[in-house]
Amino acid sequence: MRRQRRLPRLLTLAALLGVAVVFFFPLYYLVATSLKTKAELFASEPTLVPQDPTLAAYGSVLFGRNMITLLGNSIIVGLVSTVLALVIAFAICYPITRLPTSRRTRSSVLNWALSLRFLAPIAVVIPYFTIVRTIGLYNQLPALILVYTIFNLPLSIWMLKGFLAEIPLETEEAALVDGASRWQAFRHVLLPLSRIGVLAAGIIVFAFDWAEFQFALILTATPQAQTFPVGVAGLVTQFEIIWNEMSAAAVIAIAIPLMLMIIARRHVMTGLTFGVIREK
Amino acid sequence: MGGQVTAVSAQPPKVLVAVRSRQERLALRILLPTFLTVVVVATIPFVLAVIESLTREAEGFVGLDNYVRALSNPSLYESLRQTAIYALVVVPAEVLLGLGLALLVHRTIRSAAVKATIYVLAIIPIAIPQVAAGVVFRLIYAPEYGILNVILEQLGLIDQQILWLSVPALAIFSVASVDIWQWTPFVYLVLFAGLQTVPQEAVEAAQVDGASSWAQFRHIELPYIRPLILLVLFFRIADVLRVFDHVFILTGGGPGTTTQFVSLYLYRIAFKFSDLAQASALAVMFMIAMTLFYTVITRFMPLERD
């Protein structure tokens, strides 16, 4: 019995390993290319392993091409709109999870948020482009902050709603009975209890802000307001591609959300599936 | 809380009613201003798109003329067809591959540590910004510098470069492969999580009865994961219909118009031809189509809306 089962098991393990290699080879090759020297780019044939690994491409892309400014823009836009999205989501989720509201109110709020998740950015950005130009926010960070805040509300609302619903109502009620005001109960009881959830939602929202491309491409024009992904795209569509610099920029673009998602890994799937999947 | 009171007596004491309605008022006082502001801000672009789609800069109100122009442009239908082909390649591939992997891992991997490792590895592609995914595959498919041709040449499989991104018949599949690479792990993660909820006793009972592994899937596991397959289809179709970023990086819609999917087509009309009036008409129709799609399909979603 046991020996019969070992062979297929080995085969499946080999198959899984094969899948993993196919999946991760492209990322390996990206990192490898980012570590190559300029001279190596002109070798007759591209090499799988950098001959003389160096971080030079990272330096030249960040400082030589001043992508550090775009990195700063991305971080500012990401942080501000993440905080805004979470504050608004709190104001919407607190009444629907902690206070008596009708079933219809709750489901219409949640349905609205869900429907927003499926709007096509390109369809929204066309009218938004006109608005932004009319009110003089074209090529300004606040335009991006506003649109990112709205587009990340669905995720923020659904994640917060999930986290808040898990905290028993009794915890706040105990504080209210002891004479605390609603605000005090919120500030000193609920907020500390929902810290982990807020942090997880914030991390995931920030990662999405960081990755956003279409709005930033259309609503900005110069490094004053461009975000990091727009800079990465700029390195690709040039007449001649400097492969190591393009790869280095992509590695930076990937590293930041990747680290964040790995930190918040237990909540990533919950966020992406709007609470349907709960991992561990 | 209020529910408990009404459950005890049909006529709740007056004090409790007062307390309850005070809380209800508080709820609405917090919820309504925030929610309405957000809804208004999010709806303004739509209203503006409708207005713009009925006017033209020089002429003012032009009725449905922009819609007529948009709908009589043959490129629109070409872009719809290419988007449909893309969706028909990408979505089934992702769901079948993801399902296959989920079953494989679910049935062969016992160790919790290995499962946890696979979970983290599967998150990696999801975390990658799509622009960066485009860059990654530029390195794979590009002419001259692309590593795929080099590997195939060294293995003796080809003796001439294949232009993955500029042969019209190939480009759409090269672009599709990036989507499959990036989103199959998401399908895997959702379906794997679903398989974890299948009760072990049911599986064991079936195995004692000598059920084949297909029968085990068809009659025991599938009923548990069917709602999740729907969920995955919903998310993937919605995302695929508005695909933009990695295609923009890899082909920019070309060669010709073979990868000019709906979002790229709208981008071209609006910002390359600067025809914002026609683009607004397209945007309005796109939003309405997505809303219909959304309304129909969410009825079948296993989402908790309370």
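Keep in mind that what you see is a predicted model, and the values were worked out from it rather than measured. Numbering of residues starts from 1 in each chain and follows the order in which that chain's sequence is written. All chains are assigned letters beginning at A, and all ligands numbers beginning at 1, according to the order in which they are written. In view of the model being predicted, local features appear only for residues whose pLDDT reaches at least 70, and side-chain atom pairs are presented and counted only at 80 or more, with totals across whole chains, interfaces and linings using the full set of residues.

**Some remarks on the overall build of chain B**
Reasoning step 1: Starting at the N terminus, helices and strands are each numbered in turn, a helix being any DSSP run of H or I of at least four residues and a strand any DSSP run of E of at least two. Summing up its helical and strand segments, chain B has 13 helices and two strands in all.
Reasoning step 2: Between the two quantities, the radius of gyration covers C-alpha atoms and the globule rule is 2.2 Å times the number of residues to the power 0.38. Since a compact globule built from 306 residues should have a radius of gyration of about 19 Å, the 26 Å found for chain B marks it as more spread out than a globular shape.
Reasoning step 3: Principal axes of the C-alpha set define a box for chain B whose edges measure 85 × 75 × 30 Å.
Reasoning step 4: By the burial criterion, 36% of the 306 residues in chain B qualify as buried.
Reasoning step 5: Placing C-beta atoms from the backbone, we regard two residues as in contact once those atoms come within 7 Å. In chain B, the share of contacts with a sequence separation of at least 24, taken over all contacts with a separation of at least 6, comes to 70%. Any residue with 12 or fewer other C-beta atoms within 10 Å of its own C-beta is exposed, any with 20 or more is buried, and the rest are partly exposed; the C-beta atoms used are placed from the backbone.

**So, the domain arrangement of chain A**
Reasoning step 1: What counts as a domain boundary in this text is fixed by an automatic or database domain assignment. According to the domain assignment, chain A contains domain 1 (2–34) and domain 2 (69–272).
Reasoning step 2: Just the C-alpha atoms count here: the centres of domain 1 of chain A and domain 2 of chain A sit 35 Å apart.

**A closer look at the domain arrangement of chain B**
Note on interface size: it is often stated as the accessible area lost on association of the parts.
Residue and element names in this part refer to chain B.
Reasoning step 1: According to the domain assignment, chain B contains domain 1 (2–53) and domain 2 (73–298).
Reasoning step 2: Computed from C-alpha atoms alone, the centre-to-centre distance between domain 1 and domain 2 is 39 Å.
Reasoning step 3: Contacts between the two partners involve five residues from domain 1 and, on the opposite side, seven residues from domain 2.
Reasoning step 4: Residues are grouped as follows: Ala, Val, Leu, Ile, Met, Phe, Trp, Tyr, Cys and Pro are nonpolar; Asp, Glu, Lys and Arg are charged; all remaining types, including Gly, are polar. For the side of domain 1 that touches domain 2, a count of residues per class yields three nonpolar, one polar and one charged.

**Some remarks on unusual backbone geometry**
Reasoning step 1: The residue after Gly 254 of chain B, namely Pro 255 of chain B, is reached through a cis peptide bond having omega -5°.
Reasoning step 2: By secondary structure assignment, the location of Pro 255 of chain B is in the loop between helix H11 (245–250) and helix H12 (262–272).
Reasoning step 3: Positive phi, normally seen in glycine, also occurs at Asn 66 of chain A, with a value near 60°.
Reasoning step 4: By secondary structure assignment, the location of Asn 66 of chain A is in the loop between helix H3 (56–64) and helix H4 (67–98).
Reasoning step 5: The exposure class of Asn 66 of chain A is exposed, given the 12 C-beta atoms found within 10 Å.
Reasoning step 6: In this model, Glu 144 of chain B sits at a positive phi of 65°, which is unusual for a non-glycine residue.

**Here we look at the nonpolar core**
Reasoning step 1: Core analysis: the biggest nonpolar cluster contains 162 residues, and Ile 126 and Ala 250 of chain A together with Leu 266 of chain B have the highest contact counts within it.
Reasoning step 2: Counting residues per element, this core draws most heavily on helix H7 (residues 141–166) of chain A, at 16 residues.
Reasoning step 3: Discounting chain neighbours no more than four positions away, the residues touching Ile 126 of chain A are Ala 49, Leu 266, Ala 270, Leu 276, Ala 279, Ser 280 and Ala 283 of chain B. Connectivity within a nonpolar core runs through C-beta atoms within 7 Å, and the core itself is a set of buried Ala, Val, Leu, Ile, Met, Phe, Trp, Tyr and Cys residues.

**Comments concerning helix H4 (residues 74–108) of chain B**
Reasoning step 1: Helix length check: H4 of chain B (35 residues) gives 51 Å between terminal C-alpha atoms against 51 Å at 1.5 Å per residue, within 8%.
Reasoning step 2: Within the sequence span of H4 of chain B, burial applies to Ser 79, Gln 82, Thr 83, Tyr 86, Val 90, Val 91, Glu 94, Gly 98, Leu 99, Leu 101, Ala 102 and Val 105 of chain B. Multiplying one less than the number of residues by 1.5 Å gives the expected span of a helix.

**Quick notes on the packing of H4 of chain A against H7 of chain A**
Residue and element names in this part refer to chain A.
Reasoning step 1: Fitted lines through C-alpha atoms serve as axes, helices being fitted only where they are in contact, and the angles separating the N-to-C directions of these axes extend from 0 to 180 degrees. Interaxial distance between H4 and H7 falls to 6 Å at its minimum, and their mutual angle equals 40°. If you check the angle between H4 and H7, you find them oblique. Every pair of crossing elements has a handedness; the one defined by H4 and H7 is right-handed.
Reasoning step 2: Here the residues of the contact of H4 with H7 are counted per class, giving 21 nonpolar, six polar and two charged. Roughly parallel means an angle under 35 degrees; roughly antiparallel means over 145; roughly perpendicular covers 65 to 115; every other angle is labelled oblique. By definition, any crossing whose near helix is turned counterclockwise from its far helix by less than a right angle is left-handed, and any crossing with a clockwise turn is right-handed.

**What about helix H9 (residues 200–208) of chain B?**
Reasoning step 1: H9 of chain B sits mainly on the outside: zero of its nine residues count as buried.
Reasoning step 2: Looking at the residues trailing H9 of chain B, positive phi occurs at Gly 210 of chain B, about 80°.

**Digging into the environment of Leu 104 of chain B**
Reasoning step 1: Of note, Leu 104 of chain B is situated in helix H4.
Reasoning step 2: Considering only alpha carbons, one finds Leu 104 of chain B and Phe 192 of chain B, 88 residues apart in sequence, at a separation of 9.6 Å.
Reasoning step 3: The contacts of Leu 104 of chain B, once residues within four sequence positions are left out, are Thr 12 and Leu 16 of chain A.

**Thoughts on the environment of Phe 213 of chain A**
Reasoning step 1: With respect to the helices and strands, Phe 213 of chain A occurs in the loop between helix H10 (195–211) and helix H11 (214–219).
Reasoning step 2: Residue classification places Phe 213 of chain A among the buried positions, given that 24 C-beta atoms sit within 10 Å.
Reasoning step 3: Between the alpha carbons of Phe 213 of chain A and Ala 233 of chain A there is a distance of 9.0 Å; along the sequence they are 20 residues apart.
Reasoning step 4: If we skip the residues at most four places from it in the chain, Phe 213 of chain A touches Pro 229 and Val 230 of chain A together with Gln 130, Val 131 and Asp 245 of chain B.

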